[in-house]
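Commentary on secondary and tertiary structure
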Amino acid sequence: MDPYRTQANLLKLMAHPTRLQILEALLHDSECVCHLSALLHKPQPYVSQQLAVLRNGGMIVDEKDGTNVFYRLVDGRMAAVTAAIVTGDEGEMRTTAPQHMRLRDCPCPKCRAGDGCGD
Ligand SMILES: [Zn+2]
């Protein structure tokens, strides 16, 4: 296939506010759909649909961990492309830590992990 067509399709995939938010979240860590749903304040079926578009487009992959499915960027190139776009606002990198962003009201295993039982 024409490589420019492939590249154009990639940009088309990214040209969507919700999908950009998902890609930005996956820059930090792999996440499951319930976390992304809580993070984006969007219904889970809608987020699943956007994840499917990104996965079918070859930008992200899913990995099963027990009963959970975590999504991550397929490679460093996708991370670089995403970072170049989502950090462009102020012309500098955002100061968010390169790790999982824990949400208080999220039911996902990563937000629940390490809560401590005595809390
Ligand atoms: Zn979570």
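The structure under discussion appears in the preceding block.
Here the structure is a predicted model, which means the values were calculated and not measured.

**Remarks on the environment of L26**
Tracing the sequence through the fold places L26 in helix α2 (residues 17-28). Expressed as a C-alpha distance, the spacing of L26 and I60, which sit 34 residues apart in the sequence, is 8.8 Å. Leaving out residues up to four positions away in the same chain, L26 has contacts with E31, I60, Y71, R72 and L73.

**Considering the pairing of strand β2 (residues 60-65)**
It is a general feature of regular strands that their side chains alternate between the two faces of the sheet. Two strands pair when backbone bridges link them, and β2 and strand β3 (residues 68-73) are joined in this way by 6 bridges, in the antiparallel orientation. Bridging across to β3, E63 finds its partner in F70.

**Remarks on the sheet that holds β3**
Read across the open sheet, the 3 strands follow the order β1-β3-β2; overall the sheet is antiparallel. At either end of the open sheet lies a strand with only one pairing partner, and these are β1 (31-32) and β2. In the packing of α2 onto the sheet, the strands contacted are β1, β2 and β3, and the crossing angle to β3 comes to about 95°. Where helix α4 (residues 44-56) meets the sheet, its contacts fall on β2 and β3, and the angle it forms with β2 comes to roughly 115°.

What counts, and where the lines are drawn
- Residues numbered from 1 in each chain as written.
- Predicted model: local features only at pLDDT ≥ 70, side-chain atom pairs only at ≥ 80, totals over all residues.
- Helix = DSSP H or I, 4+ residues; strand = E, 2+ residues; numbered from the N terminus.
- Contact = placed C-beta atoms within 7 Å.
- Pairing = 2+ DSSP bridges.
- Axes fitted to C-alpha atoms, helices over the stretch in contact; angles between N-to-C directions.

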